[in-house]
Amino acid sequence: MPQINQLSDVLYSQLFWLLLTLAVIYFGIGQAMLPKIMSTMDARSSRITDDLAAAEAARRAADATEEAYRARMAESRTEAMKVTGAAKQESARATETRVAAADAASREKIEAAEARLRAAAEAAMADIENVAAEAAQDMVARLAGVKVGKSEAARAVKAAMADV
Amino acid sequence: MAAESTIDPMHQFQIDSLAGDLAGNPFAFTNSALWMLIVLGAIFVFMLGGMKRELVPGRWQVMVEGITSFVASMIDTSIGPEGRKYLPWVFTIFMFILFANLMGLMPFGVVPGVHPFTVTSQFTITGVMAIISFSIVLIVGFWKHGFHFFSLFIPHGTPKPLLPLIFLIELLSFLVRPFSLALRLFVAMIAGHILIKVFASFIVSGLNAEGAMGPAIALLSFLFIAGVSALELLVAAIQAYVFALLTSLYINDAENLH
């Protein structure tokens with residue numbers, strides 16, 4: 001086995017070159033390059049974490065905005081319902097008052113007309129009584145030759161009319 | 001039979017000097033040193049691709065960050081939050097073993113004159129790495145806990161009469177750790193490479209042999225090598241993972257005791 005046969009010859013050379021190589025790798029790569037590579041990886045992973053957190057925050061903000069929008073929409077809808085309800089009520093009330101006014105005016109007219117009618121009827125009744133009284137005076141004067149006073153005739157007529 | 005004798009499955013582990021006198025000279029530049037530098041260069045180029053530091057990584061950056069976070073999460077799970085200070089060392093051995101194992105399996109041999117060399121098939125290499133890892137465990141353990149570190153060798157709820165025996169067994173298993181760490185990787189690498197070389201020699205001798213059986217054996221060996229090579233790629237990654245994982249588990253013992 002050359003490893004054993006040559007041991008005394010090559011030991012120091014092997015040791016020297018191995019230690020040299022390992023020292024270069026340890027200090028040149030392990031201590032110099034490795035931390036930079038590790039920091040690159042750490043920076044990347046922290047960047048990814050940060051980006052994920054930012055995306056999460058943005059998503060939450062979007063959710064909040066949507067929630068606010070929904071609330072605003074619901075609010076405006078109820079507001080609109082209230083306004084239309086009020087308008088409806090308003091217009092109903094206005095119609096009612098207009099109808100009531102028109103009602104009152106027409107009732108007034110009807111009452112006036114009724115009053116006139118009653119007055120006319122009363123006047124007509126009075127005329128009839130007068131005419132009947134005169135007719136009764138005449139008839140009595142012609143048939144019985146008795147002069148009957150105007151007031152008497154009128155009273156008789158009224159009594160006769162009341163019997164009717 | 002002449003061809004068979006020239007193929008030595010152990011020759012691939014031979015260390016030859018490329019510059020300087022080999023015997024006992026620490027600065028002798030060998031093929032082993034050359035491949036360590038190649039591994040170092042490959043790791044450096046690979047890691048450079050991860051230094052673009054873009055927010056949205058490209059393919060290369062994803063590979064580098066994947067390996068980095070793999071080792072980092074291994075340390076996080078086995079040691080905990082205090083383990084991050086050991087990340088450079090665990091990462092160093094993981095990358096070095098992984099790239100050395102894979103480099104040794106790459107078919108560079110198809111280029112004439114190029115002989116791939118598996119650095120991790122030398123127990124000098126795996127041993128030194130295991131000793132460094134074990135030293136970290138010892139230093140951290142005694143630094144943080146002082147002599148209380150010895151309580152590591154007494155599991156909770158040990159009956160009083162068994163205490164010395166358990167202590168001895170635990171101490172022994174603790175002291176064996178660097179050897180098991182070093183030998184596991186060394187043996188896994190050397191075994192796979194010897195297996196491939198032996199069956200490769202079967203191909204050569206099968207094709208040289210007379211009769212119908214030779215080519216059939218050569219074909220069979222070729223298919224076997226393809227399978228073993230795929231398995232070795234898996235072993236290369238697993239051994240790097242095991243070495244790094246065990247190191248972090250041992251460091252966890254020192255950092256957190258039980």
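Thresholds, definitions, all that
Residues numbered from 1 in each chain as written. Chains lettered and ligands numbered in written order. Predicted model: local features only at pLDDT ≥ 70, side-chain atom pairs only at ≥ 80, totals over all residues. Heavy atoms only, no water. Helix = DSSP H or I, 4+ residues; strand = E, 2+ residues; numbered from the N terminus. Rg over C-alpha atoms; globule rule 2.2 N^0.38 Å. Buried < 20%, exposed > 50% of the residue type's maximum accessible area, 1.4 Å probe, protein only. Areas by Shrake-Rupley, 256 points an atom, 1.4 Å probe, with all protein chains shown as cover. 1 Å grid on protein atoms, 1.4 Å probe; cavity = no way out; pocket = protein on both sides within 12 Å on 5 of 7 lines; lining within 4 Å. Points joined across faces, edges and corners; volume = space filled by probe spheres on them. Nonpolar A, V, L, I, M, F, W, Y, C, P; charged D, E, K, R; others polar. Phe/Tyr/Trp six-rings, centres within 6.5 Å; stacked < 30°, edge-to-face > 60°. Expected span 1.5 Å × (residues − 1). pLDDT = per-residue confidence, 0-100. Contact = heavy atoms within 4.5 Å. Buried area = accessible area lost by both parts, 1.4 Å probe. Salt bridge = Lys/Arg side-chain N within 4 Å of Asp/Glu carboxyl O. Polar contact = N/O pair within 3.5 Å; in protein donor to acceptor, adjacent residues only side chain to side chain. Axes fitted to C-alpha atoms, helices over the stretch in contact; angles between N-to-C directions. Parallel < 35°, antiparallel > 145°, perpendicular 65-115°, else oblique. Left-handed = near helix turned anticlockwise from the far one by under 90°.

What follows deals with the overall build of chain A. Regarding its fold elements, chain A presents four helices and zero strands. Listing every helix and strand of chain A by position from the N terminus yields α-α-α-α. Here the C-alpha radius of gyration of chain A, 63 Å, is well above what a compact globule of 164 residues would show, namely 15 Å. In terms of overall dimensions, chain A has C-alpha extents of about 195 × 25 × 15 Å along its principal axes. Classification of the 164 residues of chain A by burial places 15% in the buried group. About 12200 Å² of surface is accessible on chain A, with carbon and sulfur atoms providing 62% of the total.

To locate leftover empty space, one rolls a probe as large as a water molecule over the atoms. For the largest pocket, the calculated volume is near 860 Å³. Lining the largest pocket are 30 residues, and of these Gln12, Gly109, His115, Pro116 and Lys197 of chain B lie nearest its centre. Those elements that place two or more of their residues in the lining of the largest pocket are helix 2 (31-48), helix 4 (87-105), helix 6 (163-208) and helix 7 (213-256) of chain B. The element best represented in the lining of the largest pocket is helix 6 of chain B, accounting for four residues. When its residues are assigned to classes, the lining of the largest pocket shows 16 nonpolar, eleven polar and three charged. There is about 160 Å³ of room inside the second largest pocket. Elements represented by at least two residues in the lining of the second largest pocket include exactly helix 2 (7-30) of chain A together with helix 5 (123-145) of chain B. Take the lining of the second largest pocket: its biggest share by element is five residues, from helix 2 of chain A. Its residues assigned to classes, the lining of the second largest pocket shows nine nonpolar, no polar and one charged.

Residue and element names in this part refer to chain B. All chains considered together, the criterion is met by 20 aromatic pairs over all chains. Measuring from ring centre to ring centre gives 5.1 Å for phenylalanine 134 and phenylalanine 174, while their planes differ by 45°; the resulting arrangement is tilted. You can see phenylalanine 134 sitting in helix 5 and its partner phenylalanine 174 sitting in helix 6, a full 40 residues away along the chain. Just as phenylalanine 134 is buried, phenylalanine 174 falls in that class too. Centre to centre, the rings of phenylalanine 199 and phenylalanine 202 are 5.2 Å apart; their planes meet at 70°, and the pair counts as edge-to-face.

Further remarks concern helix 4 of chain B. With 19 residues, helix 4 of chain B should cover 27 Å at 1.5 Å per step; its first-to-last C-alpha distance of 27 Å lies within 8% of that length. For helix 4 of chain B, the tally of buried residues reaches 18 of 19 residues, placing the bulk of the element in the interior.

Here we take up the confidence of the model for chain A. The pLDDT averaged across chain A works out to 90; a share of 99% of its residues lies at or above 70. Mean pLDDT across the elements of chain A ranges from a minimum in helix 4 (residues 150-163) of chain A, with 80, to a maximum in helix 3 (residues 33-143) of chain A, with 93.

What follows concerns the interface of chain A and chain B. Listed as interface residues are 36 residues of chain A and, on the opposing side, 51 residues of chain B. Interface area, chain A with chain B, both sides summed: about 4000 Å², of which 76% is carbon and sulfur. For the chain A face of the interface with chain B, the top three residues by lost area are Gln3, Gln14 and Trp17 of chain A, together amounting to 16%. If you look at where chain A meets chain B, you find one salt bridge. Taken together, the links from chain A to chain B amount to twelve residue pairs in polar contact (both at pLDDT 80 or more). Of all the elements in the fold, those that place two or more residues in the side of chain A that touches chain B are helix 1 (2-5), helix 2 and helix 3 of chain A. With 20 residues, the top contributor of residues to the side of chain A that touches chain B is helix 2 of chain A.

All right, on to the packing of helix 3 of chain A against helix 4 of chain A then. Residue and element names in this part refer to chain A. At their nearest, the axes of helix 3 and helix 4 sit 8 Å apart, and the two run at 120° to each other. Between helix 3 and helix 4, the interaxial angle falls into the category oblique. Crossing geometry of helix 3 relative to helix 4 is assigned as right-handed. For the pair formed by helix 3 and helix 4, the contact residues are Met125, Ile128, Glu129, Ala132, Ala133, Ala136 and Gln137 on the first element and Lys150, Ala153, Ala154, Val157, Lys158 and Met161 on the second.

Once that is clear, we can look at the pattern of salt bridges. Two side chains bearing opposite charge may form a pair once their charged atoms approach each other closely. Applying the stated criterion to the full structure yields 13 salt bridges over all chains. Across the pair glutamate 90 of chain A and arginine 93 of chain A runs a salt bridge whose closest N-O atoms are separated by 3.6 Å. Remark: arginine 93 of chain A and glutamate 90 of chain A occur in helix 3; sequence separation between them is three residues, near one turn of the helix. Between lysine 144 of chain B and glutamate 255 of chain B there is a salt bridge, with its nearest N and O atoms 2.7 Å apart. One end of the pair, lysine 144 of chain B, is in helix 5; the other, glutamate 255 of chain B, is in helix 7, and 111 residues separate them in sequence. Under the relative-accessibility criterion, lysine 144 of chain B is labelled partly exposed at 43%. Taking the relative accessible area as the measure of exposure, glutamate 255 of chain B reaches 3% and is therefore buried. In this structure, a network of salt bridges that share partners links the residues Glu56, Arg59, Arg60 and Asp63 of chain A.

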